[in-house]
Amino acid sequence: MVDFELWLEFEEVDPENWDREVAFANIEVTLGDGRRYGLNVWTFEFFVSLTNNKAEVRDNYIAPPDLFVKYMTRECIEEAIGILLLEDDLEKALNPSILINPEE
């Protein structure tokens with residue numbers, strides 16, 4: 001298991017009033033070696049809600065997040081990130097642009 005820490009926007013903004021099934025949030029992943037990643041995370045149901053709300057869809061597209069999860073919970077996100085880190089570095093498994101300060 002790769003050592004990492006998470007900062008989750010929903011825990012900081014309104015931890016008692018968060019829809020765990022229909023939500024989006026920014027997160028930061030910090031690895032034990034100092035690498036940091038910034039990700040935009042959506043739940044599957046948030047995507048469905050966007051596609052059902054035609055007012056939110058502009059020019060026939062939706063810019064996707066960096067990661068989809070079933071639930072917007074610490075446990076679900078930790079599990080997803082842990083699995084991805086076992087496969088490869090996050091910038092390779094997801095998107096190179098999520099790496100914060102790659103030159104450091």
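The structure under discussion appears in the preceding block.
The following paragraphs examine the structure supplied in this document. As the structure is a prediction and not an experimental result, all values here were calculated from the model.

Observations concerning the nonpolar core
A general trend in soluble globular proteins is that nonpolar side chains are found buried together.
Move 1: Among the nonpolar cores identified, the biggest contains 24 residues, and Ile 27, Val 29, Leu 39, Ile 77 and Ile 81 are the most heavily contacted of them.
Move 2: Elements with a minimum of two residues in this core: strand 1 (4-8), strand 2 (24-31), strand 3 (36-43), strand 4 (67-69) and helix 3 (74-87).
Move 3: The greatest single-element share of this core, amounting to 6 residues, is contributed by helix 3.
Move 4: Not counting residues up to four positions away in its chain, the partners in contact with Ile 27 are Leu 6, Trp 7, Leu 8, Tyr 37, Gly 38, Leu 39, Val 41, Ile 77 and Ile 81.

Side note on the pairing of strand 1
Move 1: Judged by which residues are buried, strand 1 turns out to be one-sided: Phe 4, Leu 6 and Leu 8 face inward and are buried, whereas Glu 5 and Trp 7, on the alternate face, are not.
Move 2: As defined by bridge partners, strand 1 adjoins strand 2 across 5 bridges and the pair is classed as antiparallel. The residue of strand 2 that forms the bridge with Phe 4 is Leu 31.

Section: the pairing of strand 3
Here is the key point about a regular strand: its side chains alternate between the two faces of the sheet.
Move 1: Where strand 2 and strand 3 come together, 7 bridges link them in antiparallel fashion. Residue pairing for strand 3: Thr 30 is matched across the bridge by Arg 36.
Move 2: Counted between consecutive antiparallel strands, the loop separating strand 2 from strand 3 contains 4 residues, among which Gly 34 sits at a positive phi close to 100°.
Move 3: In terms of strand pairing, strand 3 meets strand 4 through 3 bridges, oriented parallel. Following the sheet pairing, Thr 43 is matched in strand 4 by Val 69.

Things to note about the side chain of Glu 91
Move 1: Structurally, Glu 91 can be placed in helix 4 (residues 90-93).
Move 2: The exposure class of Glu 91 is buried, given its relative accessible area of 17%.
Move 3: For Glu 91, the side chain forms a polar contact with the side chain of Tyr 37, separated by 2.5 Å.
Move 4: Not counting chain neighbours up to four residues away, the residues in contact with Glu 91 comprise Arg 35, Tyr 37, Pro 96, Ile 98 and Leu 99.

So, the environment of Asp 89
Move 1: Looking at where Asp 89 falls in the secondary structure, it is placed in the loop between helix 3 and helix 4.
Move 2: Sequence separation of Asp 89 and Leu 99 is 10 residues, and the distance between their C-alpha atoms is 9.8 Å.

Focus: the packing of aromatic side chains
Move 1: Going through the model one piece at a time under the given rule, you end up with 7 aromatic pairs.
Move 2: Their ring planes at 45° and their centres at 4.9 Å tell us that Phe 24 and Phe 46 sit as a pair that is tilted. Here Phe 24 is found in strand 2, whereas its partner Phe 46 is found in helix 2 (residues 44-52), with 22 residues between them in sequence.
Move 3: Among the residues examined, Phe 24 registers a relative accessible area of 43% and is labelled partly exposed.
Move 4: Aromatic side chains Trp 42 and Phe 68 sit 5.9 Å apart centroid to centroid with 85° between the ring planes, which places their arrangement in the edge-to-face category. A residue pair is termed long-range when its members are at least 10 positions apart, and Trp 42 in strand 3 and Phe 68 in strand 4 qualify at 26 residues.
Move 5: Phe 68 gets classed as partly exposed once you look at its relative accessible area, which sits at 33%.
Move 6: The rings of Phe 24, Trp 42, Phe 44, Phe 46, Phe 47 and Phe 68 are connected pair by pair, giving a single aromatic cluster.
Move 7: The ring of Tyr 71 carries the charged tip of Arg 20 above its face, separated from the ring centre by 4.2 Å.

Conventions we followed
Residues numbered from 1 in each chain as written. Predicted model: local features only at pLDDT ≥ 70, side-chain atom pairs only at ≥ 80, totals over all residues. Heavy atoms only, no water. Core = buried A, V, L, I, M, F, W, Y, C linked by side-chain atoms within 4.5 Å. Buried < 20%, exposed > 50% of the residue type's maximum accessible area, 1.4 Å probe, protein only. Helix = DSSP H or I, 4+ residues; strand = E, 2+ residues; numbered from the N terminus. Contact = heavy atoms within 4.5 Å. Pairing = 2+ DSSP bridges. Polar contact = N/O pair within 3.5 Å; in protein donor to acceptor, adjacent residues only side chain to side chain. Phe/Tyr/Trp six-rings, centres within 6.5 Å; stacked < 30°, edge-to-face > 60°. Lys NZ or Arg CZ within 6 Å of the ring centre and 35° of its normal.

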